[in-house]
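# Residue-level structural notes
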Amino acid sequence: MLVREEVPSFIQDLLERVETRNPGEPEFLQAVHEVVTTLTPAVERRPDIMKAKILDRLVEPERLIQFRVPWVDDAGEVHVNRGYRVQFSSAIGPYKGGLRFHPSVNQSILKFLGFEQIFKNSLTTLPIGGGKGGSDFDPKGRSDMEVMRFCQSFMTELFRHVGADTDVPAGDIGVGGREIGYLFGQHKRLCNEFTGVFTGKGLNWGGSNMRPEATGYGAVYFAAAMLEAEGQAIEGKRCIVSGSGNVAQHAIEKINELGGVAITLSDSSGFIHDPAGIDAKKLLWVKDLKNVRRGRIGEYVEHHTTATFTPTDRSSTTNPIWSVPADCAFPCATQNELNDLDADNLLEAGVRLVAEGANMPTTADAVNRLIDAGVLFGPGKAANAGGVAVSALEMSQNSLRDRWSRDEVDRRLKAIMRSIHEQCSNAAAAHGLAGNYVAGANIAGFLKVAEAMLDQGVV
């Protein structure tokens with residue numbers, strides 16, 4: 001199981017307090033439950049952590065900012081969106097976490113993402129705290145000028161709360177290079193300074209090599225480390241990949257490079273299954289489809305006769321992508337895309353490894369079923385930490401006024417992902433949970449932050 005059958009009373013009391021204080025926030029409550037219930041063996045050994053109420057303090061953001069974002073579209077119509085920044089923990093460094101622009105964005109989702117970011121950032125071994133932000137603005141279908149006006153309005157408020165040594169945002173869903181450029185430009189205008197206050201910048205103005213690839217590559221590096229610990233390799237493994245955005249694309253790129261065979265991609269319209277494998281040439285076509293033409297994944301089958309397309313059935317309680325026979329699965333789309341019934345289908349399909357490329361794409365029940373069945377399960381806060389790791393490397397390069405080569409950044413990324421694997425594995429084993437990467441990731445990430453909080457007093 002993910003956690004022990006019996007949850008100690010002090011953990012149960014904490015969860016009840018969190019639920020009472022955060023009503024109507026299911027994503028945040030899910031994230032807190034998943035983390036704190038796995039921390040029991042670590043916290044029980046540390047009366048100093050319990051006495052200092054570290055857990056009680058950690059589940060409360062240090063700062064939660066909400067603001068109005070008015071902007072004008074190309075037709076002259078005024079729109080008003082909500083903007084947010086959740087600054088969760090600065091115990092080990094400045095707040096670090098992406099901005100998400102999507103209609104689903106709300107306080108619960110951003111608190112869940114920010115809370116997860118604390119532990120993910122801790123695992124990278126780099127000095128960065130946890131935060132997240134965004135807006136319910138939808139950039140899909142908007143012109144460049146509309147996106148620019150929105151970003152400038154958004155930054156006109158957010159600039160007061162961010163800075164290279166305070167809070168360093170990055171991109172996330174709906175926030176790519178275009179949006180980062182507009183946000184950075186407005187910050188530069190308002191503050192009259194050129195600083196590394198954002199990561200994911202363009203290569204010719206402070207960005208890092210390998211940043212677009214980092215999350216997808218990192219997830220595959222983590223999967224490779226899990227397999228290596230079992231005396232196996234990705235070479236020859238058939239891999240299900242969900243999503244078709246940046247993370248999914250680069251996960252497939254690295255799977256191909258390591259000799260694996262990626263056979264699926266998806267978006268909200270459905271998924272494609274290509275038993276022949278999505279090789280480099282096909283992947284290049286997908287990148288043009290999704291990144292340039294903004295098309296739907298179903299178009300793939302019109303150009304690649306080896307593939308089939310299955311449209312999304314919104315009335316179904318399962319996603320058929322998880323029934324495709326394979327060895328490994330990389331959920332790279334969005335939160336809670338893989339439920340307990342999907343987990344059963346994965347097991348029946350022969351999958352023995354799951355590495356989360358997205359944030360919390362697997363429900364708690366599904367995680368339990370997979371771990372109980374002996375599947376190697378790499379949780380998002382470990383497996384997809386490559387993106388924020390290279391963001392932190394971008395911060396380092398900005399501080400040095402330097403830029404490292406692609407090979408140098410890739411070397412560091414691979415070393416970081418191997419270090420994360422080692423931390424998770426060692427922490428799990430040290431607390432009687434050998435092989436449980438979920439518990440290992442939570443414990444290893446938590447203890448580093450907890451020690452810093454103890455050192456810094458009640459702040």
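Quick summary incoming for the structure in this document. Since this is a predicted model, take the numbers as computed values, not measurements. (Residues numbered from 1 in each chain as written. Predicted model: local features only at pLDDT ≥ 70, side-chain atom pairs only at ≥ 80, totals over all residues. Heavy atoms only, no water.)

With that settled, the discussion passes to the packing of helix 10 (residues 246–257) against helix 11 (residues 280–292). Two elements in contact, helix 10 and helix 11, have axes whose closest approach is 11 Å; the angle formed by their N-to-C orientations is 170°. In terms of their interaxial angle, helix 10 and helix 11 are classed as roughly antiparallel. When helix 10 is examined against helix 11, the residues Gln249, His250, Ile252, Glu253 and Asn256 are found in contact with a partner set consisting of Ala280, Leu283, Lys287, Lys290 and Asn291. (Axes fitted to C-alpha atoms, helices over the stretch in contact; angles between N-to-C directions. Helix = DSSP H or I, 4+ residues; strand = E, 2+ residues; numbered from the N terminus. Parallel < 35°, antiparallel > 145°, perpendicular 65-115°, else oblique. Contact = heavy atoms within 4.5 Å.)

This part covers the nonpolar core. Counting residues in each nonpolar core, the largest one holds 96 residues, and the members touching the most others are Phe115, Val241, Leu265, Phe330, Leu353, Ile420 and Phe446. Ile420 has contacts with Leu123, Thr124, Phe222, Ala382 and Ala385, leaving out every residue within four places of it along the chain. (Core = buried A, V, L, I, M, F, W, Y, C linked by side-chain atoms within 4.5 Å. Buried < 20%, exposed > 50% of the residue type's maximum accessible area, 1.4 Å probe, protein only.)

Turning our attention to the packing of aromatic side chains. In the structure shown here, the tally under the stated rule is 16 aromatic pairs. Ring centres 5.1 Å apart and planes at 90° place the aromatic pair Phe101 and Phe150 in the edge-to-face group. Within this pair, whereas Phe101 is found in strand 3 (residues 95–101), its partner Phe150 is found in helix 7 (residues 144–158), the two being separated by 49 residues in sequence. Phe150 shares its class with Phe101; the two are buried. Between the aromatic rings of Phe115 and Phe119, the centroid separation amounts to 5.1 Å while the plane-to-plane angle is 80°, which identifies the pairing as edge-to-face. Here Phe119 and Phe115 lie together in helix 6 (residues 107–123), a separation of four residues that amounts to about one turn. Put simply, the rings of Phe67, Trp71, Phe101, Phe137, Phe150 and Phe154 pair up and form one aromatic cluster. Residue placement shows Arg293 over the ring face of Trp285; its charged tip is 5.4 Å from the ring centre. (Phe/Tyr/Trp six-rings, centres within 6.5 Å; stacked < 30°, edge-to-face > 60°. Lys NZ or Arg CZ within 6 Å of the ring centre and 35° of its normal.)

Before going further, it helps to spend a moment on the sheet that holds strand 7 (residues 261–262). Within the open sheet, the five strands sit side by side as 7-6-11-12-13. Their pairing is parallel. At either end of the open sheet lies a strand with only one pairing partner, and these are strand 7 and strand 13 (376–378). The pairing of strand 6 (residues 238–241) with strand 11 (residues 328–330) spans three bridges and is classified as parallel. Looking across to strand 11, one finds that Ile240 is bridged to Ala329. (Pairing = 2+ DSSP bridges.)

Quick look at the pattern of salt bridges now. Here the structure, examined in full by the defined rule, presents 29 salt bridges. Close ionic contact of Asp56 with Arg17 constitutes a salt bridge, the shortest N to O distance being 2.7 Å. Of this pair, Asp56 sits in helix 5 (residues 54–58) while Arg17 sits in helix 1 (residues 9–21); the two residues are 39 residues apart in sequence, bridging distant segments of the chain. Exposure remark for Arg17: the relative accessible area of 38% places this residue in the partly exposed category. Taking the shortest distance from any N to any O, the salt bridge between Arg369 and Asp340 comes out at 3.3 Å. With Arg369 in helix 14 (residues 364–372) and Asp340 in helix 13 (residues 340–348), the pair connects residues that are 29 residues apart, well separated along the chain. The class for Arg369 is partly exposed, based on a relative accessible area of 32%. Salt bridges sharing common partners tie together Glu34, Glu116 and Lys381. (Salt bridge = Lys/Arg side-chain N within 4 Å of Asp/Glu carboxyl O.)

Another point: unusual backbone geometry. Despite not being glycine, Asn192 has its phi angle at roughly 55°, a positive value. Secondary-structure assignment places Asn192 in the loop between helix 8 (177–191) and helix 9 (211–229). Given the relative accessible area of 70%, Asn192 is considered exposed. If you check the backbone angles, Met360 has positive phi at about 50° while not being a glycine. Looking at where Met360 falls in the secondary structure, it is placed in the loop between strand 12 (353–355) and helix 14. Among the residues examined, Met360 registers a relative accessible area of 6% and is labelled buried.

Moving on, we come to the pairing of strand 4 (residues 130–135). When you tally the buried positions in strand 4, you get six out of six residues, the bulk of the element. In strand 4, alternate side chains face the same way, and those of Gly130, Lys132 and Gly134 on one face and Gly131, Gly133 and Ser135 on the other are all buried. Here strand 2 (residues 78–89) runs beside strand 4; their pairing, made up of six bridges, is antiparallel. Looking across to strand 4, one finds that Ser89 is bridged to Gly130.

Attention now goes to a nonpolar patch on the surface. Together, Val72, Val78 and Val80 give the surface a local cluster of nonpolar side chains, amounting to about 260 Å² of exposed area. Examined against the element boundaries, Val72 turns out to sit in strand 1 (residues 63–72). (Patch = residues over 30% accessible without salt bridge, like charges linked within 9 Å, V, L, I, M, F, W, Y side chains within 5 Å. Areas by Shrake-Rupley, 256 points an atom, 1.4 Å probe, with all protein chains shown as cover.)

Glancing now at the environment of Glu213. By the secondary structure assignment, Glu213 is in helix 9. Spatially, the C-alpha atom of Glu213 lies 38 Å from that of Gly76, the residues being 137 residues apart in sequence. When residues no more than four places from it in sequence are discounted, the contact partners of Glu213 are His250, Glu253 and Arg406.

No statement about biological role is implied by the geometric values presented.
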